[in-house]
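# Inside the fold
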Amino acid sequence: MERLPLPAWKATDLVDALAPGPVALLDGLTWGDHRCTLVAWAPAVTALTLADAQAAAGSVPLPPDAPSLLGAAVGSLTWDGEDRFWVPAQAALFDPAGGALWVRGGLPPMRPVEHGHQPVADAPSPARPLWTREAYCAAVREAQANMATGQISKLILSVPFEARTERRPLEVYARLADGDPPGLRFLLDHGPGRGALLGISPEPLVTLFGRRAEMHLLAGTRPAGAVHERELMTSAKDREEHAVAVEQARQDLLTVCVPSSVAVDRFMTPEQHPGLVHLASHLSGLLRPDATGPDLVAACFPAGTVGGIPRSEAIGLIGRLEPAPRDWYAGAVGALLPDGDLQLWLTIRSLFLKDGTATVRAGAGLVAASQPEQEWQECLNKARRALLAVGAEVSPHE
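Now for a look at the structure at hand.

Rules used throughout
Residues numbered from 1 in each chain as written. Predicted model: local features only at pLDDT ≥ 70, side-chain atom pairs only at ≥ 80, totals over all residues. Heavy atoms only, no water. Helix = DSSP H or I, 4+ residues; strand = E, 2+ residues; numbered from the N terminus. Rg over C-alpha atoms; globule rule 2.2 N^0.38 Å. Buried < 20%, exposed > 50% of the residue type's maximum accessible area, 1.4 Å probe, protein only. Contact = heavy atoms within 4.5 Å. Areas by Shrake-Rupley, 256 points an atom, 1.4 Å probe, with all protein chains shown as cover. Lys, Arg positive; Asp, Glu negative; His and termini not counted. Charge placed at Lys NZ, Arg CZ, Asp CG, Glu CD. Axes fitted to C-alpha atoms, helices over the stretch in contact; angles between N-to-C directions. Parallel < 35°, antiparallel > 145°, perpendicular 65-115°, else oblique. Left-handed = near helix turned anticlockwise from the far one by under 90°. Nonpolar A, V, L, I, M, F, W, Y, C, P; charged D, E, K, R; others polar. Core = buried A, V, L, I, M, F, W, Y, C linked by side-chain atoms within 4.5 Å. Phe/Tyr/Trp six-rings, centres within 6.5 Å; stacked < 30°, edge-to-face > 60°. Lys NZ or Arg CZ within 6 Å of the ring centre and 35° of its normal. Pairing = 2+ DSSP bridges. Salt bridge = Lys/Arg side-chain N within 4 Å of Asp/Glu carboxyl O. Disulfide = S-S within 2.5 Å.

### Things to note about the overall build of the protein
Scanning the protein from terminus to terminus reveals 9 helices and 20 strands. Taken over C-alpha atoms, the radius of gyration comes to 21 Å for the protein, in line with the 21 Å a tight globule of 398 residues would show. Along the first, second and third principal axes, the C-alpha atoms of the protein reach 60 × 60 × 40 Å. Across the 398 residues that make up the protein, the buried fraction comes to 55%. Long-range pairs, those at least 24 residues apart, make up 73% of the contacts in the protein between residues at least 6 apart in sequence. On the protein, roughly 16000 Å² of surface is accessible, and the fraction owed to carbon and sulfur atoms is 54%. If the 34 positive side-chain charges of the protein are averaged to one point and the 45 negative ones to another, these points end up 2 Å apart.

### Structural notes on the packing of helix α4 (residues 169-177) against helix α9 (residues 372-389)
Running from N to C, α4 and α9 point in directions that differ by 135 degrees, and their axes come no closer than 8 Å. Between α4 and α9, the interaxial angle falls into the category oblique. The way α4 lies across α9 gives a crossing that is right-handed. Seen from α4, the contacting residues are Val 172, Arg 175, Leu 176 and Ala 177; seen from α9, they are Arg 385, Ala 386 and Ala 389. Looking at the contact of α4 with α9 residue by residue, the class counts come to 5 nonpolar, no polar and 2 charged.

### What to know about the nonpolar core
Counting 124 residues, the largest nonpolar core has Val 39, Tyr 136, Leu 155 and Leu 205 as its most contacted members. Filtering out sequence-adjacent residues up to four positions away, Val 39 remains in contact with Ala 11, Leu 14, Val 15, Leu 18, Val 23, Ala 24, Leu 25, Ala 91, Ala 92 and Phe 94.

### Considering the packing of aromatic side chains
Taken as a whole and assessed by the stated rule, the structure comprises 5 aromatic pairs. Each ring, one from Trp 31 and one from Trp 102, has its centre 5.9 Å from the other, and the planes form 80 degrees; the classification is edge-to-face. Within this pair, whereas Trp 31 is found in strand β2 (residues 23-31), its partner Trp 102 is found in strand β6 (residues 100-104), the two being separated by 71 residues in sequence. Taking the centre distance of 5.7 Å and the plane angle of 55 degrees together, the rings of Tyr 136 and Trp 376 count as tilted. Taken together, the positions of Tyr 136 in helix α3 (residues 133-148) and Trp 376 in helix α9 put the pair 240 residues apart, joining distant regions of the chain. Trp 376 carries the same exposure label as Tyr 136, and that label is buried. An aromatic cluster is defined as three or more aromatic residues linked by ring pairs; in this entry it consists of Trp 131, Tyr 136 and Trp 376. Across the ring face of Trp 79, the terminal group of Arg 326 is positioned such that the distance to the ring centre comes to 4.3 Å.

### So, the pairing of strand β19 (residues 357-366)
By the criterion of burial, β19 is predominantly enclosed, with 8 of the 10 residues buried. Judged from the 10 bridges that link them, strand β8 (residues 154-164) and β19 form a sheet pairing that is antiparallel. From the neighbouring strand, Glu 162 faces β19, where its bridge partner is Thr 359. Relative to β19, strand β18 (residues 350-354) runs antiparallel, the two sharing 4 bridges. When the sheet's bridge partners are listed, Leu 353 is paired in β19 with Ala 358. The antiparallel hairpin formed by β18 and β19 contains 2 residues in its connecting segment, where Asp 355 sits at a positive phi of about 50 degrees.

### Section: the pattern of salt bridges
Counted by the stated rule, this structure contains 23 salt bridges. Residues Arg 84 and Glu 82 are paired through a salt bridge, measuring 3.3 Å at the closest nitrogen-oxygen approach. Here Glu 82 falls in the partly exposed class, since its relative accessible area comes to 42%. For Asp 238, the salt bridge goes to Arg 222, with nearest N and O atoms at 2.8 Å.

### Structural notes on the state of the cysteines
Taken as a whole, this structure holds 0 disulfides when the rule is applied. With no disulfide partner, Cys 300 has as its closest neighbouring cysteine sulfur the one in Cys 257, 7.7 Å distant. Classification of Cys 300 by relative accessible area gives buried; the value is 1%.

### Digging into unusual backbone geometry
Note the cis peptide between Phe 301 and Pro 302, where omega equals -10 degrees. Take Pro 302: it is sitting in the loop between α7 (293-300) and β15 (308-309). Geometrically, the link from Ile 309 to Pro 310 is a cis peptide bond, its omega value of -5 degrees lying close to zero. Examined against the element boundaries, Pro 310 turns out to sit in the loop between β15 and α8 (311-321). The phi dihedral of Arg 349 falls on the positive side, at around 50 degrees, and the residue is not glycine. Mapped onto the elements, Arg 349 comes out in the loop between β17 (342-346) and β18. Look at Arg 349 and you get buried, because its relative accessible area is 15%.

### Digging into the side chain of Gln 248
For Gln 248, the location among the structural elements is in helix α6 (residues 236-256). If sequence neighbours within four positions are ignored, Gln 248 has contacts with Ile 309 and Arg 311.

Structure representation (structure tokens):
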């Protein structure tokens, strides 16, 4: 274990040196009050469950003063609840606020790499929605029919897109992360022939620091701009969508937290993200003595902001209406720490890249007052940044 001064090279340079993987880059994790970047490689233990992953992380020997993130299990949780976490044999933590690079294991030979944007064609390549506008709007109306009978109160329907690209995962990541968007910036390169999952998630599924569980919800979206923000803040439809998501999250926390500790700390405030503005709320609670981090995840997954309410009915309807399985989309990505903490973010504003094909997926929250055409446009707005990162865009005539 070493504590070194911050080098001239960056976390992306280390990922480049470790190619072709497997390697994980998680930028935006928290150690104390510092936002840090974790690079993990050389999988030593692959876990089958969250509990197994956290137990394996807990067996990593770390000095008392070392960041616990260096021993974290990293990976993802799919929409269907499949755990894909592994404990690395080697890891590096970049701590800009502390001016340090912490290293567990050895580093490969390093030098700074120029990651500037490469020249691109004049016109982006076409991105193909795997659902037509007409079919999506018909599915919205079917979901609203279920709402009218009281079966569900909210549903997120997502549109998958495909596009061909010649860009490498690290180049796509650099384009996505350009401008330091808030949230978790991540790249999980699974190794040759297995693809890469990458994104700039704006919304945590849940975090656990000690016994304090926290959720930060985004529901209700408009394009960025003062006019759109005022429209969002006064929209009855978006406020309803947001309020039911907050209540679902509160109920989720109540199942595993001390009831008197559960609170909505901030409710329905505007929050800026690249190209978009969202309604945001923050909730917290203290985990019961008999509950664990995996119990917390089970109570909150899948999130109401990407699934629907009630949870089980929404999952069933999504499976019946959407044109392709979600797999990685609307799952979670992040780190399970050896001390029991966890930091998991939703796999939204994300894409999967394999064999020159990028799959992007974006959803919109539906309530009884939703307008199908507007929800379709919201999906396109949310997918735009990820598609541009691979050099593609959806035709305005779609």
